[in-house]
Amino acid sequence: RKEVEQDPGPFNVPEGATVAFNCTYSNSASQSFFWYRQDCRKEPKLLMSVYSSGNEDGRFTAQLNRASQYISLLIRDSKLSDSATYLCVVKNSGGYQKVTFGIGTKLQVIP
Amino acid sequence: EAQVTQNPRYLITVTGKKLTVTCSQNMNHEYMSWYRQDPGLGLRQIYYSMNVEVTDKGDVPEGYKVSRKEKRNFPLILESPSPNQTSLYFCASSLSIVNGYNEQFFGPGTRLTVL
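This is a predicted model, so every value here is computed, not measured.

(A) How the structure looks around a nonpolar patch on the surface. Residue and element names in this part refer to chain B. Among the surface-exposed residues, Ile12, Val14 and Leu115 lie close enough to one another that they form a single nonpolar patch of about 320 Å² accessible area. By the element assignment, leucine 115 lies in the segment after strand S11 (110-114). According to the relative accessible area criterion, leucine 115 is exposed, its value standing at 60%.

See the structure below:
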């Protein structure tokens with residue numbers, strides 16, 4: 001089983017729709033979770049961290065489910081500019097531990 | 001402007017011809033890392049460096065070398081490139097990566113083709 005798994009998509013959604021992605025992780029000791037955004041052939045950029053209690057940043061909501069070992073990203077009122085690949089990132093706790101990136105989920109918002 | 005720069009951005013080369021991809025950051029970051037990104041495989045770490053003169057292997061180090069003689073620079077060296085090293089390469093840096101996570105800032109990427 002991969003350390004971090006994501007559905008590669010693509011998810012094609014109309015403008016204004018709500019879309020959600022999940023990301024599962026295999027290491028129960030994983031402690032830190034993040035979502036990065038990557039536009040086509042460009043560098044990844046941090047979108048948001050994922051906190052235990054869940055967190056929101058405008059139209060974006062991130063949640064963590066430790067029991068089932070997954071994190072989610074919800075995008076409300078999708079904009080054309082949200083079209084990108086969303087990478088799930090997981091880091092273990094304590095000292096230096098490897099940061100693992102998922103393969104990403106591609107989102108295409110359609111007019 | 002705070003940034004990570006990589007050069008060259010695009011490179012086409014032939015098998016066996018040594019090459020170096022440079023990476024430089026101006027944020028005084030301790031941690032630097034190289035990744036390669038391939039379709040269906042995502043970002044895979046090649047090498048990382050916790051600080052000057054401290055480097056270690058990532059998940060896919062074979063065929064690559066790195067050095068960290070100065071804090072700002074972290075070049076990636078391919079001594080004898082092969083076609084399976086054709087990929088999109090990213091350099092990244094962060095303040096630190098010990099006991100917590102600091103955002104990794106990525107360079108713009110280097111698209112390498114080995115014929």
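(B) Local environment of empty space enclosed by the protein. Residues and elements named next belong to chain A. Applying the stated criterion across every chain, the model contains one cavity of 30 Å³ or more. Computed from the structure, the largest cavity encloses a volume of approximately 60 Å³. Glu3, Val4, Tyr25, Ser26, Asn27, Ser30, Val90, Asn92, Lys98 and Thr100 together form the lining of the largest cavity. Classifying every residue of the lining of the largest cavity by side-chain character gives three nonpolar, five polar and two charged.

(C) Quick peek at the interface of chain B and chain A. Each partner contributes to the interface: chain B provides 23 residues, whereas chain A provides 19 residues. Between chain B and chain A, roughly 1800 Å² of surface is buried when both sides are summed, and carbon and sulfur atoms account for 57% of that area. Along the contact surface separating chain B from chain A lie zero salt bridges. The set of elements that each furnish at least two residues to the side of chain B that touches chain A consists of strand S4 (31-38) and strand S5 (42-51) of chain B.

(D) Here's a closer look at the layout of surface pockets. Considered as a void within the structure, the largest pocket measures approximately 570 Å³ in volume. Residue lining of the largest pocket: 20 residues in total, with Gln38 and Thr85 of chain A together with Gln37, Asp38 and Pro39 of chain B positioned closest to the centre. If you list the elements that add at least two residues to the lining of the largest pocket, you get strand S9 (84-92) of chain A together with S4 and strand S9 (87-94) of chain B. With three residues, the single largest contributor to the lining of the largest pocket is S9 of chain A. Taken together, the residues of the lining of the largest pocket sort by class into eight nonpolar, seven polar and five charged. Reported here for the second largest pocket is a volume of approximately 300 Å³. Taken together, 16 residues form the lining of the second largest pocket, with Thr100 and Phe101 of chain A together with Leu41, Leu43 and Arg44 of chain B sitting closest to its centre. Of all the secondary structure elements, the ones that give two or more residues to the lining of the second largest pocket are strand S10 (99-101) of chain A together with S5 of chain B. Class assignment of the residues belonging to the lining of the second largest pocket gives a composition of seven nonpolar, four polar and five charged.

(E) Inspection of unusual backbone geometry at higher detail. All names here are of chain A. In the segment running from glycine 9 into proline 10, the intervening peptide bond is cis, with an omega of 10 degrees. Considering the arrangement of structural elements, one finds proline 10 in the loop between strand S1 (4-6) and strand S2 (11-14). In this model, glutamine 69 sits at a positive phi of 55 degrees, which is unusual for a non-glycine residue. Relative to the helices and strands, glutamine 69 is located in the loop between strand S7 (60-65) and strand S8 (70-75). Judged by relative accessible area, glutamine 69 falls into the buried class, the value being 17%.

Analysis parameters
- Residues numbered from 1 in each chain as written.
- Chains lettered and ligands numbered in written order.
- Predicted model: local features only at pLDDT ≥ 70, side-chain atom pairs only at ≥ 80, totals over all residues.
- Heavy atoms only, no water.
- Patch = residues over 30% accessible without salt bridge, like charges linked within 9 Å, V, L, I, M, F, W, Y side chains within 5 Å.
- Areas by Shrake-Rupley, 256 points an atom, 1.4 Å probe, with all protein chains shown as cover.
- Salt bridge = Lys/Arg side-chain N within 4 Å of Asp/Glu carboxyl O.
- Helix = DSSP H or I, 4+ residues; strand = E, 2+ residues; numbered from the N terminus.
- Buried < 20%, exposed > 50% of the residue type's maximum accessible area, 1.4 Å probe, protein only.
- 1 Å grid on protein atoms, 1.4 Å probe; cavity = no way out; pocket = protein on both sides within 12 Å on 5 of 7 lines; lining within 4 Å.
- Points joined across faces, edges and corners; volume = space filled by probe spheres on them.
- Nonpolar A, V, L, I, M, F, W, Y, C, P; charged D, E, K, R; others polar.
- Contact = heavy atoms within 4.5 Å.
- Buried area = accessible area lost by both parts, 1.4 Å probe.

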